[in-house]
Amino acid sequence: MKQTQAQSGGNNSDILVDIKKLWTVFGTGDKAFAVHQDLDLQIRRGEIMTIVGGSGTGKTVLLRHILGLTRPTKGTVRIAGQDPASLPPEGASARIGMLFQRGALYSAFNVLDNVAFALREQQSLPESVIRDAAMVKLQMVGLKPEHASRMPSDLSGGMIKRVALARALIMDPPLLLLDEPTAGLDPRGSDEFCELLLAMHKELGFTVVMVTHDLDTLYALSDRVAVLAEKKVIVEGTTDEVVQFQHPFIEQFFLGERGRRAREPMQSSAAAQTASTQHPESN
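Note that the coordinates shown come from a computational prediction; the quantities given were computed from them, not determined experimentally.

A.B. asks: What is the right way to look at the environment of A108 in this model?
C.D. replies: Along the chain, the position of A108 falls in the loop between β5 (96-99) and α3 (111-122). Judged by relative accessible area, A108 falls into the exposed class, the value being 65%. On a C-alpha basis, the gap between A108 and S153 in space is 9.5 Å, while along the polypeptide they are 45 residues apart.

So, in structure tokens, the structure goes:
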């Protein structure tokens, strides 16, 4: 089930994130415990990769490795061939954008200042350029100029997500990390966020690594899925490929009642597309 680079037809230039034989060990001596052991994962340029797994399998820790905030105990993490911890802070945000759970906006800053934060930290651009860049990003995520002066406490959950997305993309990074991006949103807000992200992904072509428990979000966005269990990636591939892999977590997560409900729209869409292809005269 798990494809090698040769099997997928890729080459080194296709791989943006390359994780090999990763060990993550916390604690020392008798209290040491491993979260990851010999974990391998490759993420291709331009794809949306979703990481799923049970509680305690180290999904968010894996994002921290990609960000360079956590160092591997053993093994390597490379972003475009480089160690993510090797870049100085002023270079990191230009390469990786991060959308945290619940948005994690700075409560003391208004919307504009939240979005402009990373650019201001560079101390290399005039304030007028920083402001214009932040306003452009706000427009891209569907917010209006009058929203720029609002405080986070005055925003709805959906608007907080949009501001957080604009902040994550202010430096036009080629890689965007999403940690539970639709958590806390109602179904309509979740659908709107997914549509926005897909539109921006199509326009800008960035790579996405997403952690989510929301099956509707997973099916709406994912090109491929990686499943964490037993301290490693046990399977990766399209959703159709992953659900065929026999494992208790996959059976519970993808093939339970919630999983079947989330999968139905995808199956209906695929069936309609097949029918349209086979009987074009009916269109």
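Moving on from the coordinates now.
A.B. asks: What is the right way to read the sheet that holds β5 from this model?
C.D. replies: Backbone hydrogen bonds are what pair the strands of a sheet, in a parallel or an antiparallel way. Pairing is mixed in the open sheet, where six strands are placed in the order β5-β6-β7-β3-β8-β9. Unpaired on one side and paired on the other, β5 and β9 (232-237) mark the two borders of the sheet. The average angle at which neighbouring strand axes cross in this sheet is 20 degrees, direction not considered. Sheet topology places strand β6 (residues 175-179) next to strand β7 (residues 207-211); five bridges connect them, and they run parallel. Bridge assignment links D179 to a residue of β7, and that residue is V211. Each of β3 (48-53), β5, β6, β7 and β8 (224-229) touches helix α1 (residues 59-67); the most contacted strand, β6, lies at about 155 degrees to it.

A.B. asks: How do you make sense of the side chain of T24 when you look at a structure like this?
C.D. replies: As for its position among the elements, T24 is in strand β1 (residues 15-26). Here T24 falls in the buried class, since its relative accessible area comes to 1%. Within the local environment of T24, its side chain forms a polar contact with the side chain of H36, the two groups lying 2.8 Å apart. Side-chain polar atoms of T24 contact the side chain of H65, separated by 2.7 Å. When residues no more than four places from it in sequence are discounted, the contact partners of T24 are F33, A34, V35, H36, V61, H65 and T73.

A.B. asks: In this structure, what is going on with the confidence of the model for the chain? I would like to understand it.
C.D. replies: Low pLDDT means the predicted coordinates in that region are not meant to be read closely. Model confidence for the chain is summarised by a mean pLDDT of 87, while 84% of its residues fall at 70 or above. Under a pLDDT of 50 for its full length, residues 1-10 has, in the predicted model, 19 contacts with residues more than four places off or in other chains.

A.B. asks: How should I be thinking about the packing of α3 against helix α5 (residues 157-168) in this particular structure?
C.D. replies: Any two packed helices are characterised by how steeply their axes cross, that is the angle between the axes, and by the distance between the axes. Interhelical geometry of α3 versus α5 gives an angle of 25 degrees and a closest axis separation of 7 Å. In terms of orientation, α3 and α5 fall into the roughly parallel class. Remark: the crossing between α3 and α5 carries right-handed chirality. For the pair formed by α3 and α5, the contact residues are V111, N114 and V115 on the first element and V163, A166 and R167 on the second. Looking at the contact of α3 with α5, its residues break down into four nonpolar, one polar and one charged.

A.B. asks: Which parts of the structure should I look at to understand the nonpolar core?
C.D. replies: In a soluble, globular protein the nonpolar side chains are often hidden away together inside. L165 and L176 are the most contacted members of the largest nonpolar core, which has 38 residues in total. At the level of secondary structure, the elements contributing two or more residues to this core comprise α3, α4 (127-140), α5, β6, α6 (187-204) and β7. Of all the elements, α5 adds the most residues to this core, at seven residues. Of all hydrophobic cores here, the second largest spans 24 residues; its members include L41, I43, V209 and V211.

A.B. asks: I keep staring at the pattern of salt bridges and nothing clicks. Help me out?
C.D. replies: Between side chains of opposite charge, a pair can form when the charged atoms approach closely. According to the stated counting rule, one finds nine salt bridges in the structure shown. D18 is the partner of K20 in a salt bridge, and the nearest nitrogen-oxygen pair spans 3.7 Å. Take D18: its relative accessible area is 18%, and that puts it in the buried class. Salt-bridge contacts for R188 lead to E192; the nearest nitrogen and oxygen are separated by 3.2 Å. Here E192 and R188 lie together in helix α6, a separation of four residues that amounts to about one turn. On the basis of relative accessibility, which here comes to 63%, the residue R188 falls in the exposed class. One connected set of salt bridges, linked through shared partners, spans E47, R224 and E236.

A.B. asks: Would you take a moment to explain the packing of α3 against α4 for this structure?
C.D. replies: As a packed pair, α3 and α4 sit with axes 9 Å apart at the nearest point and diverge in direction by 120 degrees. With respect to α4, the element α3 is oriented oblique. For the crossing formed where α3 meets α4, the hand is right-handed. Residues V111, L112, V115, A116, L119 and R120 of α3 form the contact with α4, whose own contacting residues are E127, I130, R131, A133, A134, M135, K137 and L138. Class assignment for the residues of the contact of α3 with α4 results in 10 nonpolar, no polar and four charged.

Rules and cut-offs
The written sequence of each chain sets the order in which its residues are numbered from 1. Residues qualify for local features only when their pLDDT is at least 70, as the model is predicted, and side-chain atom pairs are given and counted only at 80 or more; totals for whole chains, interfaces and linings, by contrast, use all residues. By convention in this description, side-chain values take in all heavy atoms of the structure and omit both hydrogens and water. Labels follow the DSSP assignment, with helices taken as runs of H or I lasting at least four residues and strands as runs of E lasting at least two, numbered in each case from the N terminus. Throughout, exposure labels follow a simple rule: accessible area from a 1.4 Å probe, protein chains only, divided by the maximum for the residue type, with under 20% read as buried, over 50% as exposed, and the rest as partly exposed. Pairs of strands are assigned from DSSP output, requiring at least two bridges between the strands. Fitting a line to C-alpha atoms yields each axis, with helices limited to the stretch in contact; the angle taken between N-to-C directions then spans 0 to 180 degrees. Throughout, a residue-residue contact means that at least one pair of heavy atoms, one from each residue, lies within 4.5 Å. Counted as a polar contact is a pair of N or O atoms within 3.5 Å, where, for protein atoms, one must be capable of donating a hydrogen and the other of accepting one, and residues adjacent in sequence contribute only when both atoms are in side chains. What pLDDT conveys is the predictor's confidence in a given residue, as a value from 0 to 100. Convention used here: angles under 35 degrees read as roughly parallel, angles over 145 as roughly antiparallel, angles from 65 to 115 as roughly perpendicular, and any remaining angle as oblique. For any pair of crossing helices, the crossing counts as left-handed if the nearer helix is rotated counterclockwise from the farther one by less than a right angle, and right-handed if it is rotated clockwise. Ten residue types, Ala, Val, Leu, Ile, Met, Phe, Trp, Tyr, Cys and Pro, are classed as nonpolar, four, Asp, Glu, Lys and Arg, as charged, and the remainder, Gly among them, as polar. We define the nonpolar core as a collection of buried residues of types Ala, Val, Leu, Ile, Met, Phe, Trp, Tyr and Cys that are connected through side-chain atoms lying within 4.5 Å of one another. Each reported salt bridge corresponds to a side-chain nitrogen of Lys or Arg within 4 Å of a carboxyl oxygen of Asp or Glu.

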